[in-house]
Amino acid sequence: MSMMIHLSEGEKLSTDYYKSSCPSALDIIRNTIVDKQITSPTTAAGTVRLFFHDCFVGGCDASVLVSSNSFNKGERDADDNLSLPGDGFDAIVRAKTALELTCPGVVSCSDILAVAARDLITMVGGPFYNVPLGRKDSITAKVTDVKGNLPQPTMPMSDLIALFAKKGFSVRDMVALSGAHTIGFSHCSQFAHRIYNYSNTQSYDPSLNPRYAEGLQKACSTYHKDPSMSAFNDVMTPSKFDNMYFQNLPRGLGLLESDHALIADDRTKGLVETYAANQTAFFEDFVQAIEKLGLYGVKTGNRGELRGREQKEERLRKNEFH
Ligand code: HEM
Ligand SMILES: [Ca+2]
Ligand SMILES: [Ca+2]
């Protein structure tokens with residue numbers, strides 16, 4: 001069954017957008033993504049975070065995929081995006097390459113990213129949902145576009161809520177989407193302040209479970225020398241998309257300060273408790289919120305481009321892509 005979404009006058013996304021122009025598009029994306037996830041299991045989390053960072057900066061338009069060149073520092077090289085793992089980018093590039101062989105210049109990178117994120121979430125245990133298609137890709141991507149658009153783990157809850165609200169996302173959307181931290185990992189630098197020299201009297205944040213805190217201290221012991229050191233976001237089921245992230249929070253097993261804040265703050269605590277008790281409720285709200293995320297700031301028609309073979313060759317000549 002097809003589904004059509006009207007964004008505004010004359011702008012439509014539809015689940016059968018590529019039905020006649022590239023009927024095998026969804027199969028090609030799924031096959032590439034499944035392969036990539038099997039050989040590199042960090043792909044799922046990396047791609048989901050990539051999708052979030054793309055959508056929150058100027059809409060879901062694949063702006064995050066554009067590399068820097070000598071004239072323009074791309075969004076991808078913003079400080080907040082440097083930790084995005086290469087596997088996410090690689091998954092999209094592979095799918096795009098495979099698609100270019102079958103249907104050159106037809107499927108946008110932003111659609112590929114939206115479908116890849118969905119396929120990977122489903123593949124690691126999460127819910128399936130429909131992804132309406134027809135996004136165009138951004139024409140530009142500047143590093144300066146990123147500032148102020150992405151949440152930071154040390155932001156107070158009021159700021160996090162305000163950042164999501166500014167983009168039309170409710171507290172419920174924000175908490176449900178944060179459930180994506182049920183997979184993947186964070187670098188030690190993102191939570192080191194919680195586990196070393198926390199205060200004059202405490203070495204670690206007392207809201208952390210003591211055994212967990214000690215484990216993290218060990219896991220990150222040489223992170224200054226080795227910045228790649230990291231810990232799973234969900235210590236119990238790190239590779240499975242489930243509601244364990246929410247079950248962890250009241251037990252002091254939230255990794256980031258912003259994770260723990262969800263159970264500490266009255267505005268979000270009730271939702272955490274609901275999702276911890278009821279995975280179906282989490283999946284329902286997550287689906288609603290990520291479908292909304294996928295429509296955020298979408299460009300259609302001539303407000304974007306189709307980053308296809310010709311454009312890419314042109315840019316290669318001008319040395320804009322690597
Ligand atoms: C609520 C505010 C949020 C904050 C403050 C936040 C912050 C972070 C931070 C600091 C990391 C670790 C990055 C690293 O060290 O490599 C991370 C990882 C991650 N985030 Fe978030 N995030 C938020 C919301 C979201 C949302 C809405 C999604 C997706 C829907 C998401 C998906 C992910 C995923 C999947 C990872 C793991 C990435 C990997 O393993 O490569 N996050 N987040
Ligand atoms: Ca974007
Ligand atoms: Ca999990």
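All figures in this text were calculated on a predicted structure; none of them were measured in a lab. (Residues numbered from 1 in each chain as written. Chains lettered and ligands numbered in written order. Predicted model: local features only at pLDDT ≥ 70, side-chain atom pairs only at ≥ 80, totals over all residues.)

Trainee: Account for the confidence of the model for the chain, with residues named and values stated.
Mentor: Scored by pLDDT, the chain has a mean of 91; 89% of the residues are at 70 or more. For this predicted complex, the interface score ipTM comes out at 0.99, alongside a pTM of 0.92. (pLDDT = per-residue confidence, 0-100.)

Trainee: Quick rundown of unusual backbone geometry? Include the residues and the values.
Mentor: A positive phi angle, close to 60 degrees, is found at Ala 62, a residue other than glycine. Tracing the chain through its elements places Ala 62 in the loop between α2 (43–56) and α3 (86–102). Despite not being glycine, Asn 197 shows a phi value in the positive range, around 45 degrees. When you line up the elements, Asn 197 lands in the loop between α7 (192–195) and α8 (210–219). (Helix = DSSP H or I, 4+ residues; strand = E, 2+ residues; numbered from the N terminus.)

Trainee: Account for helix α6 (residues 171–178), with residues named and values stated.
Mentor: Residues of α6 that are buried include every one of Asp 173, Met 174, Val 175, Ala 176 and Ser 178, and no others. Where the residues of α6 are buried, they touch α5 (157–166), α10 (257–264), α11 (266–277) and α12 (279–293). (Buried ≥ 20, exposed ≤ 12 C-beta atoms within 10 Å, placed from the backbone. Contact = placed C-beta atoms within 7 Å.)

Trainee: Can you lay out the nonpolar core for me, pointing to particular residues and giving the numbers?
Mentor: Core analysis: the biggest nonpolar cluster contains 68 residues, and Ile 29, Ala 95, Ile 112, Leu 113, Ala 116 and Val 272 have the highest contact counts within it. Per-element accounting of this core gives the leading share, nine residues, to helix α4 (residues 109–123). With near-sequence residues (within four places) excluded, Ile 29 lies in contact with Ala 95, Ile 112, Val 115, Ala 116 and Asp 119. Counting eleven residues, the second largest nonpolar core, distinct from the first, contains Phe 185, Ile 195, Leu 216 and Leu 255. (Core = buried A, V, L, I, M, F, W, Y, C linked by C-beta atoms within 7 Å.)

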